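Take a look at the letters that make up each chain.
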Amino acid sequence: MPATEAIGSNRSLHAKTALWATISVVSNVAGNSALTHGMHELGPIGSAPADLIGALFHPWVAIGVVLLIVWTLAHMALLSWADLSYVMPVTAIGYVVTAFAGKFFLGETVSLARWVGIILITAGVTLVGRTRPDSAISGTAP
Amino acid sequence: MCVIATTVGDVFRSLGMRHHGEISDFRPGAIRGALASVARNWMVIVSTCAMAVSFFSFMKLVSIAPMTFAVPMSAATFVPETLLARYLLGENVDWRRWMGISLIVIGVIFIAQ
C-alpha cells in the first residue's frame, strides 16, 4: 500500500473511532446522570428483582436506560473494529466530562485534587489515543 | 459484583463483535441486519447477560453509596480488562497503553476525592 494511502486510511480510522467514541461517552455520561438522579429521587430500594424492575418505570430512570441502550449500541459498533484496550481507556474521558458537567450545570466546585485527576486522565487518554485502535485485528506484525 | 460482571461483559462483547466483523454501514436497514446477526452470537448473548447484572448492581450501588465511591469502583475494571485484552484477546498493549491506563486509574482516584 502506498504510504499516503496508509496514512489516509489510518486517519479515517481515527476519525470514525473518535466519532463513535464521542457518541458512546456522551450517551454514557448523560445516561448515568439521569439514572443516578432517578435513583436518588426514588430513595433506597430493596435488592429483589421486582424492586429493581419497578424502578425502571421512574421517568428519570427510564431516560437513563434509553441513553444507556444508545451507549451499548455505540460501544458494540466501536468494538467491532477497535481494541478493548483502546476503547476502554479512551472512553474514560467521560470521567472528565462528568466533572465539567458538575461544574457548569450543577455549580459544583472542582477541588485541586479533582483538577489533578482531570489532568492525569486527559494525559492518559491522549497517550492511548495515539496508538492504533485496531492492533489485534490488523495483526501485530511489525 | 459490579466489577466482575462488567469485566466479563466487556471481554465477551469485544470477542463477539470482533467475531461479527467490522460494522461499517450505518443505514437503518444495515443496522437492523447487523443487530439480527449479533443477537444470534453466543458471545454477545453472554456479554449482554453480564452487562444486565452489572447494570442492576450499579443501580443498586448508586442507590446506597455516594457517587464518590461508585465512580472509582467502576474504574477498578480497567486493570483486569487490560490484562484479559492482552492475554485472552491477543491485543497489542504497548507501553503507551499501559502508561495511559495507569494515569487514568490514578486520575480517577484523585477525581473521587
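Here the structure is a predicted model, which is why all the values come from computation and not from measurement.

### Re the overall build of chain A
Right, so step 1: The helix and strand tally for chain A stands at 7 helices and 0 strands.
Right, so step 2: In sequence order, chain A lays out its α and β elements as α-α-α-α-α-α-α.
Right, so step 3: For chain A, with 142 residues in total, the buried portion stands at 42%.
Right, so step 4: For chain A, long-range pairs separated by at least 24 residues make up 75% of all intrachain contacts whose partners lie at least 6 apart in sequence.

### So, the overall build of chain B
Right, so step 1: Looking only at helices and strands, chain B features 6 helices and 0 strands.
Right, so step 2: In chain B, the order of α-helices and β-strands from amino to carboxyl end is α-α-α-α-α-α.
Right, so step 3: By residue count, 39% of the 113 residues in chain B fall in the buried class.

### Thoughts on the environment of L88(B)
Right, so step 1: Tracing the sequence through the fold places L88(B) in the loop between α5 (78-87) and α6 (95-111).
Right, so step 2: Along the sequence, L88(B) and M43(B) sit 45 residues apart, while their C-alpha atoms lie 14 Å from each other.

### Let's talk about α6(B)
Right, so step 1: Between its first and last C-alpha, α6(B) extends 24 Å over 17 residues, near the 24 Å set by a 1.5 Å rise per residue.
Right, so step 2: Along α6(B), the positions that sit buried rather than exposed are R97(B), G100(B), I101(B), L103(B), I104(B), V105(B), G107(B), V108(B) and I111(B).

### As for the nonpolar core
Right, so step 1: Grouped together as the largest cluster of nonpolar side chains are 55 residues, with contacts concentrated most on L78(A), V87(A), V90(A), I121(A) and I104(B).
Right, so step 2: Among the elements that take part in this core, helix α3 (residues 59-79) of chain A stands out by supplying 9 residues, more than any other.
Right, so step 3: Excluding residues within four positions of it along the chain, I121(A) makes contact with A92(A), I93(A), Y95(A), V96(A), L103(B), I104(B), G107(B) and V108(B).

### Observations regarding the packing of helix α6 (residues 112-129) of chain A against α6(B)
Right, so step 1: Two elements in contact, α6(A) and α6(B), have axes separated by 7 Å at closest approach and are oriented at 160°. Between α6(A) and α6(B), the angle is such that the two are roughly antiparallel. Here the hand of the crossing between α6(A) and α6(B) comes out left-handed. Across the interface between the two elements, A113(A), R114(A), V116(A), G117(A), I118(A), L120(A), I121(A), A123(A), G124(A), V125(A), L127(A) and V128(A) from α6(A) touch R96(B), R97(B), M99(B), G100(B), I101(B), L103(B), I104(B), I106(B), G107(B), V108(B), F110(B) and I111(B) from α6(B).

### What about the packing of α5(B) against α6(B)?
All names here are of chain B.
Right, so step 1: Direction vectors running N to C along α5 and α6 enclose 165°, while the axes themselves pass 10 Å from each other. If you check the angle between α5 and α6, you find them roughly antiparallel. In terms of crossing hand, the pair formed by α5 and α6 is right-handed. Contacts between α5 and α6 involve F78, V79 and T82 from the former and I101, I104 and V105 from the latter.
Right, so step 2: Of the residues in the contact of α5 with α6, the class split is 5 nonpolar, 1 polar and no charged.

### With respect to the interface of chain B and chain A
Right, so step 1: Facing 42 residues of chain B, the contacting portion of chain A comprises 40 residues.
Right, so step 2: The greatest single-element share of the side of chain B that touches chain A, amounting to 12 residues, is contributed by α6(B).
Right, so step 3: Class assignment of the residues belonging to the side of chain B that touches chain A gives a composition of 21 nonpolar, 10 polar and 11 charged.

### Quick notes on α6(A)
Right, so step 1: In a regular helix each residue adds 1.5 Å, so 18 residues correspond to 26 Å; α6(A) covers 25 Å between its end C-alpha atoms and thus fits that length.
Right, so step 2: Within α6(A), the full set of buried residues consists of R114(A), G117(A), I118(A), L120(A), I121(A), G124(A), V125(A), L127(A) and V128(A).
Right, so step 3: In this structure, the buried side of α6(A) is in contact with α4 (84-90) and α5 (93-105) of chain A together with α6 of chain B.

### Some details on the confidence of the model for chain B
The predicted coordinates ought not to be read in detail in places where the model reports low pLDDT.
Residues and elements named next belong to chain B.
Right, so step 1: Of all residues in chain B, 79% have pLDDT values of 70 or greater, and the mean over the chain is 77.
Right, so step 2: Mean pLDDT in chain B bottoms out at helix α1 (residues 2-20), which sits at 70, and peaks at α6, which reaches 90.
Right, so step 3: Per the prediction output, this complex has pTM 0.76; the corresponding ipTM is 0.75.

### Some remarks on the confidence of the model for chain A
Right, so step 1: Counting all residues, the mean pLDDT for chain A is 81, and 88% of those residues have values of 70 or more.
Right, so step 2: Considering only residues more than four positions removed or in separate chains, one finds that residues 138-142 of chain A, a stretch of pLDDT under 50, has 2 contacts.

### Describing the environment of S80(A)
All names here are of chain A.
Right, so step 1: One can find S80 in the loop between α3 and α4.
Right, so step 2: C-beta crowding within 10 Å serves as the criterion here: with 22 such atoms nearby, S80 is assigned to the buried category.
Right, so step 3: Separated by 41 residues in sequence, S80 and I121 place their C-alpha atoms 25 Å apart.

The rules behind the values
- Residues numbered from 1 in each chain as written.
- Chains lettered and ligands numbered in written order.
- Predicted model: local features only at pLDDT ≥ 70, side-chain atom pairs only at ≥ 80, totals over all residues.
- Helix = DSSP H or I, 4+ residues; strand = E, 2+ residues; numbered from the N terminus.
- Buried ≥ 20, exposed ≤ 12 C-beta atoms within 10 Å, placed from the backbone.
- Contact = placed C-beta atoms within 7 Å.
- Expected span 1.5 Å × (residues − 1).
- Core = buried A, V, L, I, M, F, W, Y, C linked by C-beta atoms within 7 Å.
- Axes fitted to C-alpha atoms, helices over the stretch in contact; angles between N-to-C directions.
- Parallel < 35°, antiparallel > 145°, perpendicular 65-115°, else oblique.
- Left-handed = near helix turned anticlockwise from the far one by under 90°.
- Nonpolar A, V, L, I, M, F, W, Y, C, P; charged D, E, K, R; others polar.
- pLDDT = per-residue confidence, 0-100.

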